[in-house]
Amino acid sequence: MKLNKLFKKTVVGAFGFFLATAVSAATFKVAIGDAAGGTQHELGKAFAASLKEKTDGKYTADLFPNSQLGDEQDTVNDAAMGLLDFSILAINNITPFSPSVAILTLPYMIQSLEDAKQLTQGDVGKELTENTIRDAGVRIIGWSYSGFRVLTNSKRPVKTLDDLKGMVIRVPKNELMIATYQSWGINPSPLAWNETFTALQQRVVDGQDNPYITVAAMKFDEVQKYITNIRYLFSLEPLIISEQVFQSQSPEVQQAILDAGMEATEHSYQYLQDTEQKIKEELVAKGMEINDPANDEKEWIEAATSQVWPKFYDQVGGKERLDEVLKSLGR
Ligand code: MLT
């Protein structure tokens, strides 16, 4: 009887251990909007390596760049429904699902990489992460810092708002970005990210804006000639996990995911500083022409801040909230 009990205990125990081991492993799918070689892919690679290391190889992440798993905005829906594990996408493609995130995309809100780091890693970032779980069913666990979105076009050098007149500029389906171009005197064309290269190539649109590293990764130099160094939006590209998927993990795995996200964020912060200038030079070597906006960008800044900000006070939690955030940035 005793022996039998011991046998049962051992066999059942071993089986239980086997089961626990068998289910304590997974390969996650990570959607990436941009082509390989950009800041999004770099964040994904760093995350995958860190997660593997932290879980002794039991949890891995497969990366699917170039919108293979769908357009960036669609991946938010898929992750919310638990159909996709992770996605790395531009912040402006999360705003439609979680409106308060707009505080990070108000034109000229973020004026440096340090502002970007402080906002994403400080209290504002924590609050936006909570809001995004509540509103969109996805949790931000890491950030790539991609640099300012510069304007590119195939027609002519643009330095003033007058130069911009008559151009057809593609923007993401993002109210703030649409309003910003309207404040600059043109009606932009909202278009999904995965349709942008073809639209530029076929000259359905003349231009678009994205960071230097993204312009290079997407090979926009093949279809665009001129760059204007505007600095209205600092591109933040978060790594999100489906909240359903996150909640179905053990506390240890959740912690490993969060830690890997933090490590990947640190890597991205360094990567931008090590890479952006080199990419800029490569784009010039490939024939692109870079111009600065005239007069220190004053007319661009004035039009956008005076016309766009007031329209979005409510969405970002009110003017007082915005003033508090500006104060925390020393403005
Ligand atoms: C967009 O323009 O839709 C995004 O910035 C694309 C991206 O993720 O780089």
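Residues numbered from 1 in each chain as written. Predicted model: local features only at pLDDT ≥ 70, side-chain atom pairs only at ≥ 80, totals over all residues. Heavy atoms only, no water.

Draft legend 1. Quick peek at the site of the ligand. Around the ligand, the surrounding shell holds 13 residues, and the nearest of these are Asp34, Gln40, Glu72, Arg149 and Arg170. A distance of 2.7 Å separates an oxygen atom of the ligand from a polar side-chain atom of Asp34. Measuring from an oxygen atom of the ligand, one finds a side-chain N or O atom of Glu237 at 3.2 Å. If the ligand stood free it would expose 260 Å²; the protein chains cover 100% of that surface. (Near = heavy atom within 4 Å. Polar contact = N/O pair within 3.5 Å; in protein donor to acceptor, adjacent residues only side chain to side chain. Areas by Shrake-Rupley, 256 points an atom, 1.4 Å probe, with all protein chains shown as cover.)

Draft legend 2. Local environment of the environment of Asp74. Within the secondary structure layout, Asp74 lies in helix H3 (residues 72-80). Through-space distance from the C-alpha of Asp74 to that of Asn93 is 9.3 Å; in sequence the pair is 19 residues apart. (Helix = DSSP H or I, 4+ residues; strand = E, 2+ residues; numbered from the N terminus.)

Draft legend 3. Region of the structure containing the packing of aromatic side chains. With the rule as written, the count across this model stands at 11 aromatic pairs. With centroids separated by 5.2 Å and ring planes inclined at 85 degrees, the aromatic side chains of Phe148 and Phe234 adopt a geometry described as edge-to-face. Residue Phe148 is located in strand S4 (residues 138-153), and its partner Phe234 is located in strand S9 (residues 234-242); the two are separated by 86 residues in the primary sequence. Just as Phe148 is buried, Phe234 falls in that class too. Taken together, the aromatic side chains of Phe28, Phe47, Tyr59 and Phe86 make up a single cluster linked through ring pairs. In this structure, Lys117 is placed above the aromatic ring of Tyr269, and the distance from its NZ or CZ to the ring centre is 4.3 Å. (Phe/Tyr/Trp six-rings, centres within 6.5 Å; stacked < 30°, edge-to-face > 60°. Buried < 20%, exposed > 50% of the residue type's maximum accessible area, 1.4 Å probe, protein only. Lys NZ or Arg CZ within 6 Å of the ring centre and 35° of its normal.)

Draft legend 4. Molecular detail of the pairing of strand S2 (residues 59-64). Sheet topology note: the strand S1 (residues 26-32)/S2 ladder contains six bridges and is parallel. Across the sheet, the residue bridging to Thr27 is Thr60, located in S2. Taking the sense of rotation as the criterion, the β-α-β connection linking S1, helix H2 (residues 39-54) and S2 turns out right-handed. (Pairing = 2+ DSSP bridges. Right-handed = clockwise from strand over helix to strand, strands pointing away.)

Draft legend 5. Spotlight on the side chain of Arg149. One can find Arg149 in strand S4. Arg149 sits in the buried class, given a relative accessible area of 2%. A distance of 2.5 Å separates polar atoms of two side chains, one belonging to Arg149 and the other to Asp209. Of the polar contacts made by the side chain of Arg149, one reaches the side chain of Asn210; its length is 3.5 Å. Ignoring sequence-local partners within four residues, the contact set of Arg149 consists of Asn92, Arg170, Pro172, Met177, Asp209, Asn210, Pro211, Ile230, Tyr232, Leu233 and Ser235. (Contact = heavy atoms within 4.5 Å.)

Draft legend 6. Layout of unusual backbone geometry. One non-glycine residue, Ser67, lies in positive phi territory at about 55 degrees. Mapped onto the elements of the fold, Ser67 is located in the loop between S2 and H3. You can call Ser67 buried: its relative accessible area is 11%. Even without being a glycine, Glu297 presents a positive backbone phi close to 70 degrees. Structurally, Glu297 can be placed in the loop between strand S10 (289-291) and helix H12 (298-307).

Draft legend 7. Representation of the side chain of Gln249 within the structure. With respect to the helices, strands and loops of the structure, Gln249 is situated in the loop between helix H10 (243-247) and helix H11 (251-285). Within polar-contact distance, the side chain of Gln249 engages the backbone oxygen of Val245 at 3.1 Å. With residues near it in sequence (within four places) discarded, Gln249 still touches Phe28, Tyr59, Gln254 and Ile257.

Draft legend 8. Just the pattern of salt bridges, in detail. By the definition in use, this model includes 12 salt bridges. Among the ionic pairs, Arg139 bridges to Glu243, the shortest N-O distance being 2.8 Å. Of the two residues, Arg139 is situated in strand S4 and Glu243 in helix H10; the sequence distance between them amounts to 104 residues. Glu243 matches Arg139 in its accessibility class, with the two residues each being buried. (Salt bridge = Lys/Arg side-chain N within 4 Å of Asp/Glu carboxyl O.)

Draft legend 9. Layout of the packing of H2 against H11. Across the interface, H2 lies against H11 with an axial gap of 8 Å and an inter-helix angle of 140 degrees. Our classification of the angle between H2 and H11 gives oblique. Between H2 and H11 lies a crossing whose hand is right-handed. Between H2 and H11, the residues in contact are Thr39, Glu42, Leu43, Ala46, Phe47, Ser50, Leu51 and Lys54 and Ala256, Ile257, Asp259, Ala260, Gly261, Glu263, Ala264, Thr265, His267, Ser268 and Tyr271, respectively. Looking at the contact of H2 with H11 residue by residue, the classes come out as nine nonpolar, six polar and four charged. (Axes fitted to C-alpha atoms, helices over the stretch in contact; angles between N-to-C directions. Parallel < 35°, antiparallel > 145°, perpendicular 65-115°, else oblique. Left-handed = near helix turned anticlockwise from the far one by under 90°. Nonpolar A, V, L, I, M, F, W, Y, C, P; charged D, E, K, R; others polar.)

Draft legend 10. Geometry of the environment of Asp163. Along the polypeptide, Asp163 turns up in helix H6 (residues 161-164). Assessed through its relative accessible area of 24%, Asp163 is described here as partly exposed. Residues within four places of Asp163 in sequence aside, it is in contact with Arg156, Pro157 and Val158. At a separation of 2.9 Å, a polar atom in the side chain of Asp163 contacts the main-chain amide nitrogen of Thr160.

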